[in-house]
Amino acid sequence: TGLILLLGAILLSSCIPMKRIKYLQDPKDANSARTDFKKPEAIEYLVHKGDNLYVRVNSLDEKSNYFEKSGSIDSYYSESGIYLNSYTVNDSGYVEFPLIGKILVNNLTIEQIQQKLQEKVNEYLKNTVVIVKLANFRVSMLGEFKNPGKYVVYQDKINIFEAVAMAGDMTDFAKRNKVLLVRQSEKGVKTYRLNLNDYSLLESDFYYLMPNDLVYVEPLKGKPFAFSEFPYVLILSTVTTGLLLINYFSK
């Protein structure tokens with residue numbers, strides 16, 4: 001009987017409580033639970049050396065072809081196509097643009113670069129629309145995700161929960177209250193801890209991810225011995241086996 005009780009206690013302690021799994025939990029005092037949150041401003045990404053910019057000039061004038069990148073391929077709708085049609089920011093912070101020449105883009109936002117190029121293009125052609133996108137907006141999701149990996153972002157911004165959804169959500173064994181965010185900059189690398197169980201994340205400066213961010217989720221302690229769901233079948237089998245052994249040795 002003692003052995004059965006011990007096994008039962010181990011199994012019960014190995015089950016993952018819902019409190020560890022649930023995102024954005026209510027505070028302890030349910031009466032003070034908030035329903036409105038101030039939307040955090042997405043930090044504007046500043047382009048720097050090594051980045052790739054996708055630039056396209058749209059116009060009804062055939063002369064707009066002069067602004068096409070030499071040797072570019074026809075497909076703009078694949079990751080490789082966008083990359084091959086992009087312009088790399090050199091070590092001095094410039095991009096070499098057809099007909100216009102070198103343009104300084106270092107430490108400028110995508111919007112500022114678009115305005116700068118639009119002004120230059122307008123000197124040659126009227127009624128044009130210049131489109132500028134960051135071709136290397138990627139985030140890496142590692143650790144306790146159902147589908148970890150590197151993901152390409154085809155939008156101007158993405159929040160942490162959208163990124164988690166891209167990776168298929170976290171596993172039941174993920175440590176959601178201590179998610180590690182690794183962020184790169186020209187000055188080096190910084191790390192931050194995020195608590196995805198806490199409502200305050202909705203107003204955090206880290207609610208939105210930046211290009212090349214890495215999100216790492218650690219496993220819970222004792223993962224090899226933990227159960228995501230209560231193991232009724234295992235407990236029943238253990239109890240049955242224990243009773244049979246007790247009955248056998250008592251004879």
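All residue numbers refer to position in the chain's written sequence, counted from 1. Only residues with pLDDT of 70 or above have their local features reported here, since the model is predicted, and side-chain atom pairs are shown and tallied only from 80 upward, although totals for entire chains, interfaces and linings are computed over all residues. Computation of side-chain values: all heavy atoms of the structure, hydrogens and water removed.

Engineer: Could you clarify how one ought to interpret the overall build of the protein chain in this entry?
Structural biologist: Each helix is a run of DSSP H or I of at least 4 residues and each strand a run of E of at least 2, with the numbering of both proceeding from the N terminus. Counting its secondary structure elements, the protein chain contains 6 helices and 12 strands. Burial here depends on accessible area, computed with a 1.4 Å probe over protein chains only, as a share of the maximum for the residue type. Under 20% is buried, over 50% is exposed, and the range in between is partly exposed. Sorting the 251 residues of the protein chain into buried and exposed places 37% on the buried side. The contacts of the protein chain with a sequence gap of at least 6 include a subset with a gap of at least 24, amounting to 66%. In this description, accessible areas are obtained by the Shrake-Rupley approach with a 1.4 Å probe, and a residue is regarded as covered only by the protein chains that are shown. With an accessible surface of roughly 15,900 Å², the protein chain has 55% of that area assigned to carbon and sulfur atoms. Note on contacts: a residue pair is in contact if any heavy atoms of the two residues lie within 4.5 Å.

Engineer: Please explain the packing of aromatic side chains as it appears in this structure.
Structural biologist: Ring pairs (aromatic) are described by centroid distance and by the angle formed between their planes. Side-chain rings of Phe, Tyr and Trp (the six-membered ring for Trp) are treated as a pair once their centres are within 6.5 Å; stacked means planes under 30 degrees apart, edge-to-face means over 60, and tilted covers the remaining angles. Evaluated as defined, the whole model comprises 5 aromatic pairs. Here the aromatic rings of Y23 and F161 are separated by 5.8 Å at their centres, their planes lie at 90°, and the arrangement is edge-to-face. Remark: F161 occurs in helix α5 (residues 160-166) and Y23 occurs in the loop between α2 (18-21) and β1 (52-58); sequence separation between them is 138 residues. Ring centres of Y192 and F206 lie 4.3 Å apart, and the angle between their planes is 35°; this geometry places the pair in the tilted category. Here F206 lies in the loop between β10 (188-194) and β11 (208-209) and Y192 lies in strand β10, a separation of 14 residues in the sequence.

Engineer: Is there a simple way to explain the sheet that holds β1 in this structure?
Structural biologist: Two modes of strand pairing occur in sheets, parallel and antiparallel, and in both the strands are linked by backbone hydrogen bonds. Should DSSP find at least two bridges between two strands, the strands are regarded as paired. Spatial ordering of the open sheet is given by β2-β1-β5, a layout of 3 strands whose pairing is antiparallel. The open sheet is flanked by β2 (86-88) and β5 (129-134), the only strands paired with a single partner. Taken over all neighbouring pairs, the strand axes of this sheet differ in orientation by 30° on average, direction set aside. Pairing of β1 with β5, which is carried by 6 bridges, proceeds in the antiparallel orientation. When the sheet's bridge partners are listed, L53 is paired in β5 with L134. Only the stretch in contact is used when a helix axis is fitted, and all axes are lines through C-alpha atoms; the angle between N-to-C directions ranges over 0 to 180 degrees. Against the sheet, helix α4 (residues 110-122) makes contact with β1 and β5, and its axis sits at roughly 150° relative to β5, the strand it touches most.

Engineer: Explain unusual backbone geometry here, please?
Structural biologist: Trans is the common state for peptide bonds, and a negative phi is the common state for residues other than glycine. In this structure, N107 takes a positive phi of about 65° despite not being glycine. Relative accessible area serves as the criterion here: at 41%, N107 is assigned to the partly exposed category. Positive phi values are uncommon outside glycine, yet N212 reaches one of about 70°. Positionally, N212 belongs in the loop between β11 and β12 (214-217).

Engineer: Explanation requested: the pattern of salt bridges in the structure shown.
Structural biologist: Salt bridge, as applied in this entry: a Lys or Arg side-chain nitrogen positioned within 4 Å of an Asp or Glu carboxyl oxygen. In the structure shown here, the tally under the stated rule is 4 salt bridges. Where E218 meets K175, a salt bridge forms, and the shortest distance between an N and an O atom there is 3.6 Å. One end of the pair, E218, is in the loop between β12 and α6 (232-249); the other, K175, is in the loop between α5 and β9 (179-185), with 43 residues separating them in the sequence. For R183, the salt bridge is made with D213, and the minimal N-O distance between the two is 2.7 Å.

Engineer: Sorry if this is basic, but what is going on with the nonpolar core here?
Structural biologist: In this text, buried Ala, Val, Leu, Ile, Met, Phe, Trp, Tyr and Cys residues form a nonpolar core when linked through side-chain atoms within 4.5 Å. If you look at the biggest cluster of nonpolar residues, it comprises 48 residues, and the most contacted ones within it are L53, F97, M141, I160 and L196. With 4 residues, the top contributor of residues to this core is α5. Contacts of I160, omitting those with residues within four sequence positions, involve L194, L196, L201, Y207, L209 and V215.

Engineer: Honestly, the side chain of N159 in this entry has me stumped. Any pointers?
Structural biologist: For N159, the position within the fold is in strand β8 (residues 158-159). A distance of 3.3 Å separates the side chain of N159 from the side chain of Y207, its partner in a polar contact. Once residues lying within four places of it in the same chain are set aside, the contact partners of N159 are Y207, Y208 and L209. In protein, a polar contact requires one atom able to donate a hydrogen and another able to accept it; more generally it is a pair of N or O atoms within 3.5 Å, and residues adjacent in sequence count only if both atoms are side-chain atoms.

Engineer: Can you help me understand the sheet that holds β12 in this one?
Structural biologist: The 5 strands are arranged β7-β6-β12-β9-β10 in an open sheet whose pairing can be described as mixed. Looking at strand neighbours, the two that pair on one side only are β7 (149-152) and β10, the edges of this open sheet. Put simply, the sheet's adjacent strands are angled 20° from each other on average, direction ignored. Here 3 bridges tie β9 to β12, and the two strands are oriented antiparallel to one another. Within β12, the position partnered with V182 by the bridge is L214.

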